[in-house]
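Understanding the architecture of this molecule
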Amino acid sequence: MPKAVLIGLDGATFTILDPLMERGVMPFLRHFAQRGVRAKLRSVIPALTPPAWTSLMTGKRPGQHGVFDFFQRDSVDSDFVRLADSRDIGSATIWSLASDHGKRVIALNFPVTFPAPAVDGCIVPGGWMPWRQLRLGCHPPGLFDRLRALPSFSPRELALDMALEEKAIEGCASEEYADWVSLHTRREQRWLDILRYLMQTEPADLIGIMFDGVDKLHHLCWRFIDPAFQVARPSAWEQQISQLCERYFRQLDAAIAEIVDLAGPGATVVLASDHGGGPASDVFFVNAWLEQQGFLAWVADTAPTRKSGGSADQSPRLGMGQIARHVYELDWERTVAYAATPSSLGIHIVDRSLGGANGAGSESYRQIQRRLIDGLRALRHPVTGRPVVEAVHTRDEVFAGPFESLAPDLTLSLADGGAVSILRSDTLLSRRREVAGNHRPEGIFLASGPGIRRGASLPDLSIVDVAPLLLYSAEVPVPDDMTGRFPDEVFEPAALHERPVRTATGQGTLPRDGAGVPEPHLEADDEAAVMARLRALGYVD
Amino acid sequence: MTWQSEAQVRDELLDMMSQLAGDWEYGDPITPETRLLGDVGLESLDLVVLGTSIQQRYGRLPFAEFLAEIGQRPVQDRDVSVQELVSFVCRHSGLTAPTRAR
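On a predicted model such as this, the values are computed, not experimentally measured, just so you know. (Residues numbered from 1 in each chain as written. Chains lettered and ligands numbered in written order. Predicted model: local features only at pLDDT ≥ 70, side-chain atom pairs only at ≥ 80, totals over all residues.)

As for the overall build of chain A
Put simply, the rule reads: Under the scheme used here, helices are H or I runs from DSSP no shorter than 4 residues and strands are E runs no shorter than 2 residues, and both carry numbers assigned from the N terminus. We call a residue exposed when 12 or fewer other C-beta atoms sit within 10 Å of its C-beta, buried when the count reaches 20 or more, and partly exposed for counts in between; the C-beta positions come from the backbone.
Within chain A one finds 19 helices and 20 strands. Here chain A holds 541 residues, and 54% of them are scored as buried.

Regarding the environment of isoleucine 368 of chain A
Residue and element names in this part refer to chain A. Note that isoleucine 368 resides in helix 15 (residues 365-378). Its 18 C-beta neighbours within 10 Å are what place isoleucine 368 among the partly exposed residues. Taking the C-alpha atoms as reference points, isoleucine 368 and phenylalanine 295, 73 residues apart in sequence, are found 9.0 Å from one another.

As for the nonpolar core
The tendency in soluble globular proteins is for nonpolar side chains to be buried as a group. We count it as follows: Buried Ala, Val, Leu, Ile, Met, Phe, Trp, Tyr and Cys residues form a nonpolar core when they are connected through C-beta atoms within 7 Å.
Formed by 153 residues in total, the largest nonpolar core has its most connected members in Cys245, Ala337, Ile444, Leu470 and Leu471 of chain A. Of the residues forming this core, the biggest block, eleven residues, is contributed by helix 12 (residues 236-263) of chain A. Ranked by size, the runner-up nonpolar core spans 25 residues in total, among them Val9, Met17, Ile30 and Leu36 of chain B.

Considering the packing of helix 11 (residues 213-225) of chain A against helix 12 of chain A
All names here are of chain A. Note the cut-off: Axes, fitted as lines to C-alpha atoms, cover a helix only where it is in contact. Angles between the N-to-C directions of the axes lie from 0 to 180 degrees. It is the rotation of the near helix from the far one that decides the hand of a crossing: anticlockwise by less than a right angle makes it left-handed, clockwise makes it right-handed. We call two residues in contact whenever the C-beta atoms placed from their backbones are within 7 Å. In this classification, the charged set is Asp, Glu, Lys and Arg, the nonpolar set is Ala, Val, Leu, Ile, Met, Phe, Trp, Tyr, Cys and Pro, and all remaining amino acids, among them Gly, are polar.
Axis separation between helix 11 and helix 12 bottoms out at 10 Å; the angle between their running directions is 145 degrees. Viewed along their axes, helix 11 and helix 12 form a crossing whose handedness is left-handed. On the side of helix 11, the interface is formed by Gly213, Leu217, Cys221, Phe224 and Ile225, while helix 12 contributes Ile241, Ser242, Cys245 and Tyr248. Across the contact of helix 11 with helix 12, the residue classes break down as seven nonpolar, two polar and no charged.

What to know about unusual backbone geometry
Residues and elements named next belong to chain A. Here the amide bond leading from phenylalanine 114 into proline 115 is cis, since omega sits at -10 degrees, within 30 degrees of zero. With respect to the secondary-structure elements, proline 115 resides in the loop between strand 5 (105-108) and strand 6 (121-124). The linkage connecting histidine 139 with the following residue, proline 140, adopts the cis geometry, with an omega of 5 degrees. Here proline 140 shows up in the loop between helix 6 (134-137) and helix 7 (143-148). If you check the backbone angles, valine 112 has positive phi at about 60 degrees while not being a glycine.

Section: the sheet that holds strand 10 (residues 337-338) of chain A
Residue and element names in this part refer to chain A. The following threshold applies: A pair of strands is considered paired only if DSSP assigns at least 2 bridges between the two.
Pairing is antiparallel across the open sheet formed by four strands, whose spatial order is 10-11-13-12. The open sheet is flanked by strand 10 and strand 12 (389-394), the only strands paired with a single partner. Bridge count for strand 12 against strand 13 (residues 410-414) is five bridges, and the pairing is antiparallel. Residue pairing across strands places alanine 391 opposite serine 413, the latter belonging to strand 13. Contacts from helix 15 reach strand 10, strand 11 (346-349), strand 12 and strand 13 within the one sheet, and its direction differs from that of strand 12 by about 165 degrees.

Things to note about the domain arrangement of chain A
Residues and elements named next belong to chain A. This is how the line gets drawn: An automatic or database domain assignment is the source of the domain bounds shown.
Assigned domains within chain A: domain 1 (4-77 + 96-117 + 173-275 + 441-501) and domain 2 (280-434 + 520-537). Facing 16 residues of domain 1, the contacting portion of domain 2 comprises 19 residues. Residue assignment for the side of domain 1 that touches domain 2 shows that the elements contributing at least two residues are helix 4 (62-65) and strand 3 (71-73). In terms of residues, the side of domain 1 that touches domain 2 owes the most to one element, helix 4, which gives three residues. The residue makeup of the side of domain 1 that touches domain 2, split by class, is eight nonpolar, three polar and five charged.

Looking at the pairing of strand 7 (residues 206-211) of chain A
Residues and elements named next belong to chain A. Judged by how many residues are buried, strand 7 sits mostly within the fold: six of six residues are covered. Residues of strand 7 alternate between two faces, with Leu206, Gly208 and Met210 on one and Ile207, Ile209 and Phe211 on the opposite face, all of them buried. Two strands pair when backbone bridges link them, and strand 1 (residues 4-9) and strand 7 are joined in this way by six bridges, in the parallel orientation. Residue pairing in the sheet places valine 5 in a bridge with isoleucine 207 of strand 7. Sheet analysis places strand 5 next to strand 7, joined by four bridges and oriented parallel. Looking at the pairing, alanine 107 lines up with glycine 208 of strand 7.

This is how it looks when you write it as structure tokens:
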């Protein structure tokens, strides 16, 4: 039987879960919370799936583990953006630490676990793992073929379909909603079927599974699941989507109940999310603002993606599929600062010392940084008059660590949890036609098991505190270089007295595979051409 | 890295692609001439992740530049065969790339 089980609920927030528990849609979760502890779980900056889950798995912040976004700069001196993968994690994870101490592990559907580390146990990666190559992601060799024998096994519905992924962020037609929600309901069931099979055939000490449909439903269907947005007279279609969302959460509750039952009474079970969620309508065109302020220039022949006065049904797009635009659409002779991806909420300041004709030298960096911060803080919403940007975080404030230099120079927190678009636009702010869900820093933490307090509601925990707790529960020493602290308050004092926390010397920063290996020589113009060609291939849009 | 002949690399990649193609219910045999986009139906993101897997096996390779070179071709030739992949791996595996300078 496992000693510790992590049930990840991507994007889960008590704002949604509490009403579902009160209405009886999630009766087991209510029971689980009553018999254990609950707390809000503070995410990292940015509150984004890849860096946040990596922080939960390492007990360290992004500057210390090296994952900042879905995408990754290839190196400090590169504007080249590629998908982040497990080779970018420069720290030990709970999976590798447990395995190194003789424990077996199972990890299902967590992001940034491809290529799978060589642990003693089973890993099926999640995140941006294309379904066509799920076989290559499964560890150990042969696992994929064993899973394929399961009646419900369907790589196409388990792993990434990029077209579906984009719908969560960019929206979709109303006739697509029902199938989209139902797909995520089936998908969670398929992951549960894999976990059940592995728990029965591959006994492990530390087990984790991540259900990512929660976040997906938040993004697209917030107005159907938050009671605050219920309409008095819903249409038949609105009722149908609301019922499908409710069915998703009923099934999720049953899945959690089954996992807790399979784990048995001797296991510590932790439910955690990487970040929370909340409603958001505004979209801030950050590169348009940078252009307006004279920090950014587009090449002459690129037309605005969005124009003011467009058709009423035109909902603003964020540009998730267009992450490389900054390379081939920007005039690098006249650009000082730019946003590369909408997900990171980050702004990069061009470093002149690395070859840019413009940009910041060491003497002007602080001045440019100051002007950007002051300008962003002064920006007001044209309708409400309130600040658009709630906070601007500098790199050294939030990303201190060995990988700090790979992070954006500035990271934004928008006032209403709104989204950023990186696309060219002649308006700075736009409003979505329908309210959508977007990330918030406050996720969830629930735990129950031997020695854990019962019925306690605790002050906020940090996401980096979860790894020490899980390692302790799995009877693995806690490395002394984790940023997260061991959360004593989760346990009865007598339990900790009886079995104190063991610590071990941490492994520090691990070499990232490929890091430090020089890339072939590419001048800036060549690199722009490379990305333009990738666009032609369809690698980037 | 252990040196391998082109025939060994070809056999390994054919084996890997054949296994993957079986998962997609692709009926035809995978040969050196099989094109990954046109014949097998891979998407561009698949190529990126396939590159990660290949680099896991053969070490760091200039895969992005390889994709870029493919993208530069005329539309009708914008594809990559298994043999091209083999040649690319053999050409670059084990090479020391020059220092990057910008």
